[in-house]
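Below, each chain spelled out in residue letters.
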Amino acid sequence: MAKPDDARGSAARRIGLLGGTFNPVHIGHLRAALEVTEFMGLDELRLVPSARPPHRQAPQVSAEQRLAMVELAVAGEPRLKVDDRELKRDKPSYTVDTLESLRGELAAHDQLFLLLGWDAFCGLPSWHRWQELLDHCHLLVLQRPDADSEAPEALRDLLAARSVSDPLSLQGPGGQISFIWQTPLAVSATQIRQLLAAGKSARFLLPDAVLAYIQAQGLYSAPHA
Ligand code: ATP
């Protein structure tokens, strides 16, 4: 795909972002990230571990351990990167702050694509300064091909004004919304935590290197009586 040049002649970079708790990272995250990267022709896709995990997280798993697992998972796949800026912050990790911080490091014409599942997209109106998100990036909403869902009322005007049917035609650094129809692998971090807590194998649901780290660190095992 031809890339627009700015006045200095440098090509615009195309960067995707996928946030999450990654507790632990698994093949559902990694396949979705890689498939979007290839489909969209991204230069890189950054996995962004969040600093404030939900309270259901096993207490013995630290942010540093979640980060280490994501780093092990993407090793050897140069298009997938890890962005640890939310873990370096001492404030709550609002996505709009992450985008502002990242924008400060990029050329003005670089294109940013924030990946969101349909459920997360529908919850957008409850996000901190959500109307500003599109000032910094495009939204790529991952939707199941068989889904039959209606956007909430609060998002209808936004969708009418900003959505573009072909994600490959998204123009400029940000400001538009498009959908990618993708069937997610039926894997969740919850399922992996439950398997491990029950003493069962989670092999093939996450990279071997991540599983080896989990075993070496003794993560997700059932608490000893
Ligand atoms: P948990 O089971 O703890 O809720 P999770 O497996 O859903 O965790 P998260 O870290 O919450 O993982 O997810 C990060 C992002 O990855 C979210 O946008 C989520 O929608 C997406 N995601 C999670 N599982 C999959 C999957 N199997 N396929 C594609 N995307 C996924």
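Above this note sits the structure.
Now for a quick tour of the structure.

What counts as what
Residues numbered from 1 in each chain as written. Predicted model: local features only at pLDDT ≥ 70, side-chain atom pairs only at ≥ 80, totals over all residues. Heavy atoms only, no water. Helix = DSSP H or I, 4+ residues; strand = E, 2+ residues; numbered from the N terminus. Rg over C-alpha atoms; globule rule 2.2 N^0.38 Å. Buried < 20%, exposed > 50% of the residue type's maximum accessible area, 1.4 Å probe, protein only. Contact = heavy atoms within 4.5 Å. Areas by Shrake-Rupley, 256 points an atom, 1.4 Å probe, with all protein chains shown as cover. Lys, Arg positive; Asp, Glu negative; His and termini not counted. Charge placed at Lys NZ, Arg CZ, Asp CG, Glu CD. Pairing = 2+ DSSP bridges.

Helices and strands together make up the secondary structure of the protein chain, namely 9 helices and 6 strands. On C-alpha atoms alone, the protein chain measures out to a radius of gyration of 18 Å, which is about the 17 Å that the 2.2 N^0.38 rule sets for 225 residues. Considered along the principal axes of its C-alpha atoms, the protein chain spans approximately 60 × 40 × 35 Å. The burial tally for the protein chain puts 46% of its 225 residues in the buried class. Long-range contacts, defined here as pairs at least 24 residues apart, represent 74% of the contacts in the protein chain between residues at least 6 apart. As presented, the protein chain carries roughly 11,600 Å² of accessible surface, and 53% of it is formed by carbon and sulfur atoms. Positive and negative side-chain charges of the protein chain, numbering 23 and 27 respectively, have mean locations separated by a distance of 4 Å.

This brings us to the pairing of strand E4 (residues 111-117). Looking down a regular strand, the side chains alternate between one sheet face and the other. Most of E4 is tucked away: 6 of the 7 residues are buried. As paired elements, strand E1 (residues 14-20) and E4 share 4 bridges and run parallel to each other. When the sheet's bridge partners are listed, Arg14 is paired in E4 with Gln111. For E4 and strand E5 (residues 138-143), the ladder comprises 5 bridges, and the chain directions are parallel. Bridge assignment links Leu116 to a residue of E5, and that residue is Val141.

So far we have only geometry, and geometry alone does not tell us how the molecule works.
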